[in-house]
Amino acid sequence: MSKPSIPKGTRDFTPDEMARRNFIFDTIRGVFQSFGFAQIETPAMENLATLTGKYGEEGDQLIFKILNNGDFLAKADRTALEVGDSKKASFSISKKALRYDLTVPFARFVVMNQNELTFPFRRFQIQPVWRGDRPGKGRYQEFYQCDVDIVGSDSLLSEVELVQIFDEVLHRLHIPGFEIVLNNRKVLAGIAELAGVTDKLTEMTVAIDKLDKIGREKVEEELSTRGFTDEQVSKLAPLFEMETSPKEAISQLRDHLKTSEMGSKGVDELETVVNYALDLGLRSGKLLVDPTLARGLNYYTGAIFEVKVPDAPIGSICGGGRYDDLTGIFGLKGLSGVGISFGADRIYDVMSHFELFPAGASRGTELLFVNFGADEERRCMQLATELRREGIRVEVYPEATKLKKQMKYANDKSIPYVSMIGSDELTSGQVTIKEMESGEQFTISLNEVIGKIRQVL
RNA sequence: GUGGCUGUAGCUCAGUUGGUUAGAGCACCGGAUUGUGGUUCCGGGGGUCGUGGGUUCAAUUCCCAUCAGUCACCCCA
């Protein structure tokens, strides 16, 4: 029972995996920076009160709470404990929690730093988040999100740029056939208005979001069980027969929503973003408009984004949307924001599935010095120091063990070149370099080494 | 949180109606080869058969419980 383990839903990352993960992070960071976004970080833990009530009732239960230090039971809410009110009791023994996403801590950050920030504020953030739900394929309890948000502007140019960021990042990662799906909360509101279910907007969106998963009949069933009348359900029918190719979808929606002011505004917004994005041109993404795309988060008010990879064994890999008043809950009203999030772990899984990682993604040591003994290793250390200053990745084997073992080390680590300085080379002032893949080797003088290594690498 | 499947070496898995010393491949270590890795040959280490209980003369095998993993549903990145 002393076998070590890690909590479920968490992972260790090997050097190989880290090289590939960094390839993803570097790509994402590079694109974010090319659009002028600046990086921030926030603490792994937030005050529990900052997080609760932001993710709906189910979301609140998935927040990892941190037990207070010290004699936490002394201050615990005894009555809540006795009646078995876990929720109330937990607040009396926990003041801190692990962050659940990057958006809410960002909203808190903006409010706290509002006087130092220049608006519109463009930030990105790449950090892990934690959720206590059941792990599964593509679902972890600790995972990374890569968020970009623009806060303090309601210009639709932001939406257009975010579409371009999706496209550029996923293009650079060679994700095949990815689809950027677009919708607008105002369109959903308009549809609800026409069906006379404005008060049940959330119930409606939760149900219709499942359309492509469970089919029209099941969605209609679910709407009925959620208290929709047959008439209301039948008024939602056009929604189930929409095209997803953007131009067609927009014209169908415009027609359907022409009597709804809110709905028409949503269609206008959608059309602006779509036309702009299509005019500028996408690199390899497919742009779709899907009025059934809802996404669970309650705070979206305008655009809604999601990215899917049809043939991948995983749901969405990215999401996002516009929220008109996210900072309002922290006391700063009237700031509109729009942002998207890349699920780096899911992108990793998709790339593994399609074997998309370039061989060079795990570039490690380029040259290993074999160690033959005290005098030889001194020469190796000198040379290694010079080569490192030239930007070459070098290691010196730390012990003068059998050559076979040192060669195997180089082979196992896929080090392409091995340098040998034994007694012969030491006296002649030369270096023998072996190219591992071909097995060929050559002997050169010391002052040729840097030039030669440069040349072969 | 609800239901199905699986737990045997570091990994992937065998294991006879329940029977005496639980095997293989890969990986690891050593040797053939004391200045040459990736191929080959030889040898070696490693297991409380997930854990606890029950049935039995006898359990890796059958039964129950529990834990862990996994797939579908709910929800999400």
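This one's a predicted model, so the numbers in the text were calculated from it and none came from an experiment. (Residues numbered from 1 in each chain as written. Chains lettered and ligands numbered in written order. Predicted model: local features only at pLDDT ≥ 70, side-chain atom pairs only at ≥ 80, totals over all residues. Heavy atoms only, no water.)

Further remarks concern the confidence of the model for chain A. Chain-level pLDDT for chain A is 88 on average; 97% of the residues reach the 70-or-more range. This prediction of the complex comes with two scores: 0.88 for pTM and 0.82 for ipTM. (pLDDT = per-residue confidence, 0-100.)

Our focus in this paragraph is the packing of aromatic side chains. Tallied over the full model, the rule gives 10 aromatic pairs. Taken together, a centroid distance of 4.2 Å and an interplanar angle of 40° make the contact between tyrosine 55 and tyrosine 100 tilted. With tyrosine 55 in the loop between α2 (48-51) and α3 (56-61) and tyrosine 100 in the loop between β4 (94-98) and α6 (103-112), this residue pair connects regions lying 45 residues apart in the sequence. Ring centres of tyrosine 348 and phenylalanine 357 lie 5.2 Å apart, and the angle between their planes is 50°; on these two criteria the pair is classed as tilted. In this pair, the class of tyrosine 348 matches that of phenylalanine 357, namely buried. In this structure an aromatic cluster arises from ring pairing among Phe32, Phe124, Phe166, Phe305 and Phe342. The positively charged end of arginine 20 is found above the aromatic ring belonging to phenylalanine 357, 5.5 Å away from the centroid. Taking the ring centre of phenylalanine 106 as reference, the NZ or CZ of arginine 123 above it sits at 3.9 Å. (Phe/Tyr/Trp six-rings, centres within 6.5 Å; stacked < 30°, edge-to-face > 60°. Helix = DSSP H or I, 4+ residues; strand = E, 2+ residues; numbered from the N terminus. Buried < 20%, exposed > 50% of the residue type's maximum accessible area, 1.4 Å probe, protein only. Lys NZ or Arg CZ within 6 Å of the ring centre and 35° of its normal.)

What follows is about the packing of helix α7 (residues 157-172) against helix α13 (residues 261-280). In the contact formed by α7 and α13, the axes pass within 9 Å of each other and the chain directions differ by 45°. One element, α7, and the other, α13, form an angle in the oblique class. When you trace α7 past α13, the crossing you get is right-handed. Counting all contacts with α7, which are made through Leu157, Glu159, Val160, Val163 and Gln164, the residues of α13 involved are Val273, Tyr276, Ala277 and Leu280. (Axes fitted to C-alpha atoms, helices over the stretch in contact; angles between N-to-C directions. Parallel < 35°, antiparallel > 145°, perpendicular 65-115°, else oblique. Left-handed = near helix turned anticlockwise from the far one by under 90°. Contact = heavy atoms within 4.5 Å.)

Moving on, we get to the protein's contact with RNA strand B. For RNA strand B, the set of nearby residues contains 36 residues, the closest of which are Arg131, Arg139, Arg295, Met436 and Gln441. Between a base nitrogen of RNA strand B and a main-chain N or O atom of tyrosine 140, the distance comes to 2.8 Å. Here aspartate 424 contributes a backbone N or O atom positioned 3.4 Å from a base oxygen of RNA strand B. With 5 residues, helix α16 (residues 403-412) is the single largest residue contributor to the surface near RNA strand B. Each residue belonging to the surface near RNA strand B can be placed in one class, and the counts come to 11 nonpolar, 9 polar and 16 charged. (Near = heavy atom within 4 Å. Polar contact = N/O pair within 3.5 Å; in protein donor to acceptor, adjacent residues only side chain to side chain. Nonpolar A, V, L, I, M, F, W, Y, C, P; charged D, E, K, R; others polar.)

Relative to the helices and strands, serine 94 is located in strand β4. Classification of serine 94 as buried rests on a relative accessible area of 5%. A polar atom in the side chain of serine 94 sits 3.1 Å from the backbone oxygen of lysine 96. Apart from residues lying up to four places away in sequence, serine 94 is in contact with Leu48, Lys65, Ile66 and Asn68.

Turning to the side chain of serine 92, a few remarks are in order. Relative to the helices and strands, serine 92 is located in helix α5 (residues 86-93). A polar side-chain atom of serine 92 sits 2.8 Å from the main-chain amide nitrogen of aspartate 77. Each residue touching serine 92, except ones within four places of it in the same chain, is listed here: Asn68, Lys75, Ala76 and Asp77.

Moving on to the nonpolar core. Core analysis: the largest hydrophobic core is formed by 89 residues, its most contacted members being Ile165, Leu170 and Phe342. Among the elements that line this core, the one with the most residues is α7, at 7 residues. For isoleucine 165, the contacting residues outside a window of four places in its chain are Val31, Phe32, Phe35, Phe37, Ile340 and Phe342. (Core = buried A, V, L, I, M, F, W, Y, C linked by side-chain atoms within 4.5 Å.)

Once that is clear, we can look at the pattern of salt bridges. Inspection of the entire model under this criterion finds 21 salt bridges. A salt bridge links glutamate 168 to arginine 283, with the shortest nitrogen-to-oxygen separation between them at 2.9 Å. Placement of glutamate 168 in helix α7 and of arginine 283 in the loop between α13 and β8 (286-289) is noted, with a sequence separation of 115 residues between them. According to the relative accessible area criterion, glutamate 168 is buried, its value standing at 15%. One salt-bridge network, in which partners are shared between bridges, spans Arg11, Arg21 and Asp345. (Salt bridge = Lys/Arg side-chain N within 4 Å of Asp/Glu carboxyl O.)

There is a patch of nonpolar side chains on the surface, built from Leu157, Tyr276 and Leu280 and spanning about 290 Å² of accessible area. Using a relative accessible area of 47% as the deciding quantity, one classes leucine 280 as partly exposed. (Patch = residues over 30% accessible without salt bridge, like charges linked within 9 Å, V, L, I, M, F, W, Y side chains within 5 Å. Areas by Shrake-Rupley, 256 points an atom, 1.4 Å probe, with all protein chains shown as cover.)

To continue, consider the domain arrangement of chain A. Domain annotation of chain A identifies domain 1 (15-41 + 103-353) and domain 2 (364-456). A C-alpha centroid distance of 52 Å is found between domain 1 and domain 2. (Domains from an automatic or database assignment.)

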